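Architecture at a glance
Now for the letters of each chain:
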Amino acid sequence: MIIPKLKTKDLVTVTDLTRGEIMAIFRLTAALKKDARRGRHRDLLNKKSLAMIFEKSSTRTRVSFEAGITQLGGHALFLDGNDIQLRRGETIDDTARVLSRYVDGIMIRTFSHDNVVELARNATIPVINGLSDEHHPCQALADFFTIFEREKNANRMRMAYIGDGNNVAHSLIQCAALLGVDISIACPAAYEPDQDLVEEARRTATGSGSVIEITRDPAAAVENAYYLYTDVWISMGEEKKAARKKKALAKYKITKELLSKGRADSKVMHCLPAHRDEEIESDVLDSGRSIVFDQAENRLHVQKAIMCALMGR
Ligand code: CP
Ligand code: NVA
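Here we summarise the structure given alongside this text. (Residues numbered from 1 in each chain as written. Chains lettered and ligands numbered in written order. Predicted model: local features only at pLDDT ≥ 70, side-chain atom pairs only at ≥ 80, totals over all residues. Heavy atoms only, no water.)

In this section: the layout of surface pockets. A volume near 680 Å³ is recorded for the largest pocket. The element best represented in the lining of the largest pocket is helix 6 (residues 167-179), accounting for three residues. Residue classes in the lining of the largest pocket are distributed as 11 nonpolar, 13 polar and 13 charged. For the second largest pocket, the calculated volume is near 160 Å³. As for the second largest pocket, its lining consists of Arg-19, Phe-148, Ala-154, Asn-155, Met-157, Arg-158, Leu-179, Gly-180, Val-181 and Asp-182. Along the lines of polarity and charge, the residues of the lining of the second largest pocket split into five nonpolar, two polar and three charged. (1 Å grid on protein atoms, 1.4 Å probe; cavity = no way out; pocket = protein on both sides within 12 Å on 5 of 7 lines; lining within 4 Å. Points joined across faces, edges and corners; volume = space filled by probe spheres on them. Helix = DSSP H or I, 4+ residues; strand = E, 2+ residues; numbered from the N terminus. Nonpolar A, V, L, I, M, F, W, Y, C, P; charged D, E, K, R; others polar.)

Structural data, given as structure tokens:
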């Protein structure tokens, strides 16, 4: 197994990585997945500890990181954001410096993206973003690994994202731009992805050859897409905006009807958790077109590769 050597200390956003580094992570992911499927695990992070700070709920991220580091011979500590001293006013800076004396890596799920940036800046150990209000890099890397392990032909990788221009959309755009995959985002004007992020991704895309489109028309987005992606309309922490967002996003939903307007062989993706029959019809999520549980499984394998690359040196 070749452990990629990364330039970055941390994974705060997808753009911490180069295209070459992502592909190296995917090669390690494929090897780790093949081993795991045979019931084999290697102690690549023997006795290493990962502190996991959660200020928001999680099923996939929490379980896949903890199971992942255990499979690699290490250990995870679950730190509820409400229990640790951060909640009582200890600074992120001090938390970073203290945890750096105990453990070998930190994974954080938080609200403000600046918290992740500050933690990474002040920790001497790797920091991994397990979701902030603005980014979800581990998700996007698992999603593109899911596509790359299915496809030999790069032309078949075009993605349409239907819905809220949120944290998951941001990381997907950045990953698509680096990897040279076309992505079309169909969303209402009020819920477009961050404009600066899109402009930066477009500059990256000129090098990789991908096209990044924003449209108001879900049918136009899915027309030539091989992968149709959506995420919840109301992200964690946005509960007060629910009524307004549901109204604005009503037509940005993956339905059987929308599927019928695109390619007959397109696949449906969702980072989960899904709000069934809100952003996606329940039948579509359960259909043969859906690859959502492959995405969920690949969180485990991709994150093991990320932890090896960041914490294994
Ligand atoms: N997709 C994802 O990050 O799921 P969790 O919120 O369950 O971790
Ligand atoms: N956009 C969602 C993703 C959950 C994994 C949220 O932030 O709640």
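All told, the structure shown has 19 salt bridges when counted by the stated rule. The salt bridge partner of Lys-56 is Asp-133, with a shortest N-O separation of 2.7 Å. Taken together, the residues span a long stretch of sequence, with Lys-56 in the loop between strand 1 (49-54) and helix 2 (60-71) and Asp-133 in the loop between strand 4 (127-129) and helix 5 (137-150) at a distance of 77 residues. By relative accessible area, Lys-56 is classed as buried at 8%. Using a relative accessible area of 34% as the deciding quantity, one classes Asp-133 as partly exposed. Through salt bridges with shared partners, one network takes in Asp-164, Glu-238, Lys-241 and Lys-245. (Salt bridge = Lys/Arg side-chain N within 4 Å of Asp/Glu carboxyl O. Buried < 20%, exposed > 50% of the residue type's maximum accessible area, 1.4 Å probe, protein only.)

Before going further, it helps to examine the side chain of Thr-110. With respect to the element layout, Thr-110 can be found in the loop between strand 3 (105-109) and helix 4 (113-122). Excluding anything up to four places from it in sequence, Thr-110 contacts Glu-55, Lys-56, Asn-115, Val-116, Leu-131, Ser-132 and Asp-133. (Contact = heavy atoms within 4.5 Å.)

Right, let's talk about the site of ligand 1 for a bit. Every residue lining ligand 1 is accounted for by Ser-58, Thr-59, Arg-60, Thr-61, Arg-109, His-136, Gln-139, Cys-271, Leu-272 and Arg-299. With respect to ligand 1, the backbone of Leu-272 contributes an N or O atom lying 2.8 Å from a nitrogen atom. Out of a free accessible area of 260 Å², ligand 1 has 96% covered by protein chains. Placement of ligand 1 is best described as lying within the largest pocket. For the shell around ligand 1, the residue count by class is two nonpolar, five polar and three charged. (Near = heavy atom within 4 Å. Polar contact = N/O pair within 3.5 Å; in protein donor to acceptor, adjacent residues only side chain to side chain. Areas by Shrake-Rupley, 256 points an atom, 1.4 Å probe, with all protein chains shown as cover. Sits in = over half its atoms within 2 Å of the grid points.)

So, on to the nonpolar core. Core analysis: the biggest nonpolar cluster contains 63 residues, and Phe-26 and Phe-144 have the highest contact counts within it. It is helix 6 that provides the largest number of residues to this core, a total of nine residues. Aside from chain neighbours lying at most four places away, what touches Phe-26 is Leu-141, Phe-144, Phe-145, Phe-148 and Leu-179. Counting residues in hydrophobic clusters, the runner-up holds 21 residues, among them Trp-233, Leu-258, Leu-259 and Val-268. (Core = buried A, V, L, I, M, F, W, Y, C linked by side-chain atoms within 4.5 Å.)

Around ligand 2 lies a shell formed by Leu-131, Asn-166, Asn-167, Val-168, Asp-231, Val-232, Ser-235, Met-236 and Leu-272. Between ligand 2 and Asn-167 there is a distance of 2.8 Å, counted from an oxygen atom to a side-chain nitrogen or oxygen. If ligand 2 stood free it would expose 270 Å²; the protein chains cover 95% of that surface. Under a 2 Å grid-point criterion requiring more than half of the atoms, the pocket assigned to ligand 2 is the largest pocket. Its residues assigned to classes, the shell around ligand 2 comprises five nonpolar, three polar and one charged.

With that out of the way, let us pick up a negative patch on the surface. A cluster of acidic residues, Asp-114, Glu-134, Asp-194, Asp-196, Glu-199 and Glu-200, forms a negative patch on the protein surface. It is helix 7 (residues 195-208) that provides the largest number of residues to the negative patch, a total of three residues. Looking at the element boundaries, Glu-200 is found in helix 7. (Patch = residues over 30% accessible without salt bridge, like charges linked within 9 Å, V, L, I, M, F, W, Y side chains within 5 Å. Lys, Arg positive; Asp, Glu negative; His and termini not counted. Charge placed at Lys NZ, Arg CZ, Asp CG, Glu CD.)

On the surface, Met-1, Ile-3 and Leu-44 cluster together into a nonpolar patch covering about 210 Å² of accessible area. If you trace the backbone, Met-1 turns up in the segment before helix 1 (19-37).

Within the sequence span of helix 9 (residues 242-249), burial applies to Ala-242, Lys-245 and Leu-249. Angular distribution of buried residues about the axis of helix 9 spans 70°; they occupy a single face of the element. Turned more than 90 degrees from where helix 9 packs its buried face, Ala-243, Arg-244 and Lys-247 sit exposed. (Arc of directions from axis to C-beta.)

What follows covers empty space enclosed by the protein. All told, the structure shown has two cavities of 30 Å³ or more when counted by the stated rule. Along the walls of the largest cavity sit Thr-15, Gln-174, Ala-177, Leu-178, Leu-197, Glu-200, Ala-201 and Thr-204, which together make up its complete lining. Examining the composition of the lining of the largest cavity, we find that four residues originate from one element, helix 7, more than from any other. Of the residues assigned to the lining of the largest cavity, the class counts are four nonpolar, three polar and one charged. Here the second largest cavity defines a volume of roughly 30 Å³. Leu-32, Asp-35, Arg-40, His-41, Arg-42, Leu-72 and Lys-304 together form the lining of the second largest cavity. Taken together, the residues of the lining of the second largest cavity break down into two nonpolar, one polar and four charged.

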